[in-house]
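# Observations on chain architecture
This is what each chain is made of:
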Amino acid sequence: MKDFLLNLLRAYPRLMLVFSLITKDPYLFVGILVEEQLNYILKYIIAKPLLGDKKYPIIGSGARPKGALNCGIWANNKNVQPKSYGMPSGHSAAALFFSTYKILELIDNKSKNTALYFIYVLLALIIPYSRLYFKCHTIQQAIVGGIIGLINGYYWFKHKSDVYKFINYNITK
């Protein structure tokens, strides 16, 4: 059961892509891809050169915690230390991006479906928690990833109508 849960939580960013295709939301699909690329830039172009493997007060360490095993998106049957950098947590960023976007969509549609609100809030909490539980990230890495995802989810949703207007305007020209 633990392995099944680990694999399900590990695949979460890819499951969001499938969900966006099933619900026919191409804007969410592109947003998830952009979030993934932004996370890569933050990890390898900004955080890793700045933080390296040192530990700082409050910020903590940029590297993954010692003992982190099988932390990637795809299942890895070998118990090996991941080669990817830890700061910020991509899973946490993806979870908060998705949940923020979907909750704002519910609010915008004046939905009273409390079950959906609950599910999105639960995902926003359980995915970052799972990264800590499975020792793939430090609390600081999960928090920073979550904050980045929340900001991006808000920004992405707030500009959705502008993008659709732009596309529609240019198609009808």
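Described in the following lines is the structure provided in the data block.

## Observations regarding the nonpolar core
- Judged by nonpolar contacts, the single largest core of 15 residues is most densely connected at L28, I32 and Y101.
- Mapped by element, the contributors of at least two residues to this core are helix 2 (12-22), helix 3 (26-51), helix 4 (90-108) and helix 6 (139-158).
- With seven residues, helix 4 is the largest single contributor of residues to this core.

## A closer look at helix 4
- Over its 19 residues, helix 4 extends 27 Å from the first C-alpha to the last, a length consistent with the 27 Å expected when each residue adds 1.5 Å.
- With 17 of its 19 residues buried, helix 4 lies for the most part within the structure.

## Remarks on helix 3
- With 26 residues, helix 3 extends 35 Å between its outermost C-alpha atoms, agreeing within 8% with the 38 Å of an ideal straight helix rising 1.5 Å per residue.
- The largest bend in helix 3 comes to about 30°, at K43.
- Among the residues of helix 3, Y27, L28, G31, I32, E35, N39, L42, K43, A47 and L51 are the ones counted as buried.
- Directly after helix 3, the chain includes G52, whose backbone phi takes a positive value near 60°.

## Re the packing of helix 4 against helix 6
- Taken N-terminus to C-terminus, the directions of helix 4 and helix 6 make an angle of 35°; their axes are 7 Å apart at the nearest point. The chirality of how helix 4 crosses helix 6 is right-handed. Listed contacts from helix 6 to S92, A93, L96, F97, T100, Y101, L104, E105 and D108 of helix 4 are A142, G145, G146, G149, L150, N152, G153, Y154, W156 and F157.

## Looking at the packing of aromatic side chains
- Tallied over the full model, the rule gives six aromatic pairs.
- Aromatic side chains Y27 and W156 sit 4.7 Å apart centroid to centroid with 20° between the ring planes, which places their arrangement in the stacked category. On the criterion of sequence distance, the pair formed by Y27 in helix 3 and W156 in helix 6 is long-range, its members being 129 residues apart.
- Residue class for Y27 comes out buried when judged on its relative accessible area of 8%.
- Looking at W156, the relative accessible area reads 17%, which means it is buried.
- Between F98 and Y120, the ring centres sit 5.8 Å apart and the planes meet at 80°, which makes this aromatic pair edge-to-face. In this pair, F98 is assigned in helix 4 and Y120 in helix 5 (residues 114-133), connecting sequence segments 22 residues apart.

Analysis parameters
Residues numbered from 1 in each chain as written. Predicted model: local features only at pLDDT ≥ 70, side-chain atom pairs only at ≥ 80, totals over all residues. Heavy atoms only, no water. Core = buried A, V, L, I, M, F, W, Y, C linked by side-chain atoms within 4.5 Å. Buried < 20%, exposed > 50% of the residue type's maximum accessible area, 1.4 Å probe, protein only. Helix = DSSP H or I, 4+ residues; strand = E, 2+ residues; numbered from the N terminus. Expected span 1.5 Å × (residues − 1). Bend = angle between axes of the 7 residues up to and from the residue. Axes fitted to C-alpha atoms, helices over the stretch in contact; angles between N-to-C directions. Left-handed = near helix turned anticlockwise from the far one by under 90°. Contact = heavy atoms within 4.5 Å. Phe/Tyr/Trp six-rings, centres within 6.5 Å; stacked < 30°, edge-to-face > 60°.

Purely geometric stuff here, so don't read any function into it on its own.
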